[in-house]
Amino acid sequence: MFFLKLIIRNAFRHRLRTVLTVVGVAIAVMAFGLLSTLVGLWYLGVESSSATRLVTRNSISLVFSLPVAYKDRIRQVPGVKSVSWGNWFGGVYIEPKNFFPNFAVEPGSYLGLYPEFILPPDQKAAFLLDRRGAVAGRKLAEKYRWKTGDQITLKGTIFPGEWPFVLRGIYRGAQKSTDETQFFFNWNYLNETLKKTVPRRADQVGFYMTGVSRPDQAAEVSVAIDTLFHNSLAETLTETEKAFQLGFVSMTEAIMVAIRIVSYVVIVIIMVVAANTMAMTARERMGEFATLKTLGFGPWYIALVVFGESITISMVGGFTGVLLTFPAACWIEAELSQFFPVFNISPMTIYLDLLASFTVGVTAAVFPTWRGVTIGIAEGLRRVG
Amino acid sequence: MNSTVIRPPIVRIRNLTKSYQRGNQNIPVLMDIDFDIADGEFLALMGPSGSGKSTLLNLIAGIDKADTGQIVIGGVDIALLTEAELARWRSTNVGFIFQFYNLIPVLTAFENVELPLLLTALSRKERCEHVETVLRLVNLEERMDHYPSQLSGGQQQRVAIARAIITDPTILVADEPTGDLDRLSAEDILTFIDRLNREFGKTVIMVTHDPRAAEKAHLVRHLEKGVLSDN
Ligand SMILES: Nc1ncnc2c1ncn2[C@@H]1O[C@H](COP(=O)(O)OP(=O)(O)OP(=O)(O)O)[C@@H](O)[C@H]1O
Ligand SMILES: [Mg+2]
């Protein structure tokens, strides 16, 4: 109790110095938390994708398509439960800066493959009935204040022209990590329009989505599908949705690694700054440490006083940083929702934040403690006055 | 008044040497010191600056280590004690009074005086009683909630005296206790130290430059260039 009092009073002896250190630790911890979350989100797309969904695409590249006729042959592969297909539409809403993922998909089978997209039954029925119907995620709809029944026009980039849709449903994610920013509509609408305008682009699909019953069938079914179209005009490449996502992720993985390194560097920098502050503080206290030792207090007491003060300051900073992380995350989620549809701070990130600030406190105290403990009493006493 | 001569020595120093290493140079500070201090003595150590007074005092108080020689205090050869044993020995046997008071600035007068008692088994209540008694003795009972910065130099030194005697040590060491005080406050502090010696029988070893302070002592020894001489 006595020493707790001493530690806390010591910590706030130099108000300005302590406040600056606390602010520094808080900002570093907040940056660390946000960067970790960002990196985590990048991999979340992979983690939340299902291992029972296979993606089949043209083996040459994603930009080449496959004939729609493949669907019937894929359906016959043993282990296949359902098949859906679609095209990446790449439409723009009013202005190019309004980016969100949008697809043309075979509606019934697609919704069947994505049970995590929760759509009220009446909306689902309306969507399936309307050729021009479209469904948007909850976040997306909130962002543009769409309601069911609204007419939404996308400007085609890959498929030129103005494309009017009627919003028939707004889906909600089954989990917090489910992407609620997608927009999809009936593939037939796209295909029939193409038949009239650019017939050579009709009856082509960008990808097939295949559902298998059990994850352990995935490899076998993938090989079976690709074998089916071996030596045909458009050969296929089938992989699990997870692997497909990882393919995307690996392209930018180097950037993610760099961001992760930066997040650690931030912590190391604040560690050095805090260590310097503690060294400065301890140097001023050498005479007091010597006095304590003169009175008979052993090295453990010196360690307690230095570590206590250092950890107090760094943890106050750490908790402040954690508290600041939440409004910052909300702001990111609101302002950058097209890049980060969900920006959740996980409990793990908070533990890591607090662990990082604790480590900062401990590290900063090591050298000053060692000095305070090893300095001769007579020499320490000479520092007084 | 030769009772001091009859009493057994509480401090016995034999062949004491101490030197400091500066670079590869060896600077001798104390050379072959031999002397005894009787129990209940009030000794003043005088001498020019740099003559080794503080060094000698620190050795007797067990906060510095001698190169060679013996320091036996109350029957204990303190050179043979480990660091931890020495710390425990200091906390029960020696009271310290410094030139610059050496109070902990973030602790109140009360808390500063309480500090040495934290190393004892006393209960909180007992500690409070002890601290109040001692603060009353140095006439500071009304100031016990004040921080050192809210006290005058003389008052701070009185707090330091209270802290020095709270564990009831046998020896009081004081390194220029009046060195930072005005005449009146110095007089006041010396009166207290004198009282502790007379009424409570504490052995006092005091380093001083002030002849007025030395007058209070029963015995004055001079240290010059590491060698001790009588008057
Ligand atoms: N840590 C040290 N390293 C090197 N030399 C030291 C050290 N401590 C003391 N000395 C030297 O030892 C000598 C004696 O110092 P000491 O402090 O005992 O003198 P003093 O008699 O108390 O002087 P003053 O009256 O100025 O306080 C001085 O020459 C001093 O420079
Ligand atoms: Mg001195």
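All values reported here derive from a predicted model rather than from experimental measurement. (Residues numbered from 1 in each chain as written. Chains lettered and ligands numbered in written order. Predicted model: local features only at pLDDT ≥ 70, side-chain atom pairs only at ≥ 80, totals over all residues. Heavy atoms only, no water.)

### Considerations on the overall build of chain B
Alright, step 1. Helix and strand content of chain B: 8 helices and 10 strands.
Alright, step 2. Counting all 231 residues of chain B, 53% fall into the buried class.
Alright, step 3. Taking as baseline every contact in chain B between residues at least 6 positions apart, the subset at least 24 positions apart corresponds to 72%.
Alright, step 4. On chain B, roughly 10700 Å² of surface is accessible, and the fraction owed to carbon and sulfur atoms is 50%. (Helix = DSSP H or I, 4+ residues; strand = E, 2+ residues; numbered from the N terminus. Buried < 20%, exposed > 50% of the residue type's maximum accessible area, 1.4 Å probe, protein only. Contact = heavy atoms within 4.5 Å. Areas by Shrake-Rupley, 256 points an atom, 1.4 Å probe, with all protein chains shown as cover.)

### Concerning the environment of His14(A)
Residues and elements named next belong to chain A.
Alright, step 1. Within the element layout of this structure, His14 appears in the loop between α1 (2-11) and α2 (15-47).
Alright, step 2. For the pair formed by His14 and Thr281, sequence separation is 267 residues and the distance between their alpha carbons is 9.0 Å.
Alright, step 3. Dropping the residues within four chain positions of it, His14 is found in contact with Glu284 and Arg285.

### Description of the pattern of salt bridges
Alright, step 1. This structure, assessed with the given rule, holds 24 salt bridges over all chains.
Alright, step 2. Notably, a salt bridge pairs Lys5(A) with Glu111(B), separated by 3.1 Å at the nearest N-O pair. A residue pair is termed interchain when its members come from two chains, as with Lys5(A) in helix α1 and Glu111(B) in helix α4 (residues 109-114).
Alright, step 3. Lys5(A) gets classed as partly exposed once you look at its relative accessible area, which sits at 29%.
Alright, step 4. Note on Glu111(B): relative accessible area 7%, which makes it buried. (Salt bridge = Lys/Arg side-chain N within 4 Å of Asp/Glu carboxyl O.)

### Description of the sheet that holds strand β1 (residues 9-22) of chain B
Residues and elements named next belong to chain B.
Alright, step 1. Strand order in the open sheet made by the 4 strands is β2-β1-β4-β5, with antiparallel pairing throughout. Both outer strands of the open sheet, β2 (25-38) and β5 (76-77), are each paired with one neighbouring strand and no more.
Alright, step 2. The sheet contact formed by strand β4 (residues 68-73) and β5 spans 2 bridges and is antiparallel. Following the sheet pairing, Ile73 is matched in β5 by Val76.
Alright, step 3. In the packing of helix α2 (residues 53-61) onto the sheet, the strands contacted are β1, β2 and β4, and the crossing angle to β1 comes to about 125°. (Pairing = 2+ DSSP bridges. Axes fitted to C-alpha atoms, helices over the stretch in contact; angles between N-to-C directions.)

### So, the pairing of β1(B)
Residues and elements named next belong to chain B.
Alright, step 1. Both β1 and β2 contribute to a ladder of 10 bridges, which runs antiparallel. Bridged to Pro9 within β2 is Ala38.
Alright, step 2. The hairpin turn running from β1 into β2, its antiparallel successor, is 2 residues long, and Gly23 in that turn takes a positive phi close to 65°.
Alright, step 3. Where β1 lies against β4, 5 bridges are found, and the strand directions are antiparallel. Bridged to Thr17 within β4 is Thr68.

### Topic: the site of ligand 1
Alright, step 1. Near ligand 1, the surroundings consist of 14 residues, among which Arg382(A), Ser49(B), Lys53(B), Ser54(B) and Thr55(B) are the closest.
Alright, step 2. More than one chain approaches ligand 1, the contributing ones being chains A and B.
Alright, step 3. Interatomic distance of 3.0 Å between a backbone N/O atom of Gly52(B) and an oxygen atom of ligand 1.
Alright, step 4. Note that an oxygen atom of ligand 1 is positioned 2.7 Å from one of the side-chain N or O atoms of Ser54(B).
Alright, step 5. When isolated, ligand 1 has an accessible area of 640 Å², and the protein chains bury 72% of it.
Alright, step 6. Contributing elements (two or more residues each) for the shell around ligand 1: β1 and α2 of chain B.
Alright, step 7. If you tally residues by element for the shell around ligand 1, the top one is α2(B), at 3 residues.
Alright, step 8. Residue composition of the shell around ligand 1, grouped by class: 3 nonpolar, 7 polar and 4 charged. (Near = heavy atom within 4 Å. Polar contact = N/O pair within 3.5 Å; in protein donor to acceptor, adjacent residues only side chain to side chain. Nonpolar A, V, L, I, M, F, W, Y, C, P; charged D, E, K, R; others polar.)

### Quick word on a nonpolar patch on the surface
Alright, step 1. A cluster of nonpolar side chains, Met1(A), Leu4(A), Ile8(A), Phe12(A) and Val316(A), forms an exposed patch at the surface whose accessible area comes to about 490 Å².
Alright, step 2. You can see Ile8(A) is positioned in helix α1. (Patch = residues over 30% accessible without salt bridge, like charges linked within 9 Å, V, L, I, M, F, W, Y side chains within 5 Å.)

### With respect to the interface of chain A and chain B
Alright, step 1. Between chain A and chain B, the residue contacts involve 22 residues of the former and 24 residues of the latter.
Alright, step 2. In total, chain A and chain B occlude about 2100 Å² of area from one another, counting both sides; carbon and sulfur atoms represent 71% of this.
Alright, step 3. It is Phe2(A), Arg9(A) and Leu295(A) in chain A that bury the most area against chain B; as a group they hold 30% of the surface buried on that side.
Alright, step 4. Between Arg9(A) and Glu111(B) there is a salt bridge; the shortest N-O distance is 2.7 Å.
Alright, step 5. Summed over the shared surface of chain A and chain B, the result is 6 residue pairs in polar contact (both at pLDDT 80 or more).
Alright, step 6. Top element by residues in the side of chain A that touches chain B is α1(A). It accounts for 6 residues.
Alright, step 7. A class-by-class count of the residues in the side of chain A that touches chain B yields 11 nonpolar, 5 polar and 6 charged. (Buried area = accessible area lost by both parts, 1.4 Å probe.)

### Some thoughts on the packing of α1(A) against helix α10 (residues 299-335) of chain A
Residue and element names in this part refer to chain A.
Alright, step 1. Closest axis-to-axis distance for the α1/α10 pair is 9 Å, and the angle between their directions is 50°. Taken together, the axis directions place α1 and α10 in an arrangement best described as oblique. Considering the relative orientation of α1 and α10, their crossing is right-handed. Listed contacts from α10 to Phe3, Leu6, Ile7, Asn10 and Ala11 of α1 are Tyr301, Leu304, Val305, Gly308, Glu309, Thr312 and Ile313. (Parallel < 35°, antiparallel > 145°, perpendicular 65-115°, else oblique. Left-handed = near helix turned anticlockwise from the far one by under 90°.)

### Here's the deal with the domain arrangement of chain A
Alright, step 1. By domain assignment, chain A separates into domain 1 (2-44 + 253-382) and domain 2 (60-234).
Alright, step 2. Domain 1 of chain A and domain 2 of chain A are separated by 49 Å when their C-alpha centres are compared. (Domains from an automatic or database assignment.)

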